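Descriptive structure summary
Chain residues, written in single-letter form:
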Amino acid sequence: MSKDLLQEAFALALHDSARAWRHALDRRLKGLGLSQTSWMSIVFLARAETPLTQTELANRLSVEGPTVVAMVDRLQRAGLVRREIAPEDRRIRRVLLTPAGQTVYEEVKHVAGDFRCEMLDGLDTAALRQATNILQRLQRVTEESSR
């Protein structure tokens, strides 16, 4: 296989496997009554070192601002998040998990951990480490090239 064809096959496999992974995990999480964007938002909010603004959350989700506003509205009505006005600028809204949101995050983390183990347990540790290194390098290079 030529280098061009190999690179194309890799790019397609990367795209298709990431999409399949998200969809399979989404099916596992349907019982929580959350869309993929909602549970991903909860994960990003829970893992953030400091509270995220709506704009930062939109950027992490790769969605537009109005999309994240509507999604945060739904999560707020469900009692999973709350908005807080930033003291340094009243135009900025930070999004924080409520205790109920933290409970949902723990459930998402548990289901995702079980799923991850099912999918990856049969892989050789060295191969998994190498694949992880390659993907992390691609992420860094991609992020650097988009600046």
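Provided above is the structure to which this section pertains.
Inspection of the secondary structure puts Ser41 in helix H2 (residues 36-47). Judged by its relative accessible area of 0%, Ser41 falls in the buried class. Aside from chain neighbours lying at most four places away, what touches Ser41 is Leu57, Leu61, Met71 and Leu75.

One way to put it is that helix H1 (residues 3-29) packs onto helix H5 (residues 99-120) with a least axis distance of 10 Å and a crossing angle of 130°. Relative to H5, the element H1 is oriented oblique. Crossing hand, H1 versus H5: right-handed. Along its contact with H1, which presents Trp21, Ala24, Leu25, Arg28 and Leu29, the element H5 presents Val108, Val111, Ala112, Phe115, Arg116, Glu118, Met119 and Leu120. Of the residues in the contact of H1 with H5, the class split is 10 nonpolar, no polar and three charged.

The rules behind these values
Residues numbered from 1 in each chain as written. Predicted model: local features only at pLDDT ≥ 70, side-chain atom pairs only at ≥ 80, totals over all residues. Heavy atoms only, no water. Helix = DSSP H or I, 4+ residues; strand = E, 2+ residues; numbered from the N terminus. Buried < 20%, exposed > 50% of the residue type's maximum accessible area, 1.4 Å probe, protein only. Contact = heavy atoms within 4.5 Å. Axes fitted to C-alpha atoms, helices over the stretch in contact; angles between N-to-C directions. Parallel < 35°, antiparallel > 145°, perpendicular 65-115°, else oblique. Left-handed = near helix turned anticlockwise from the far one by under 90°. Nonpolar A, V, L, I, M, F, W, Y, C, P; charged D, E, K, R; others polar.

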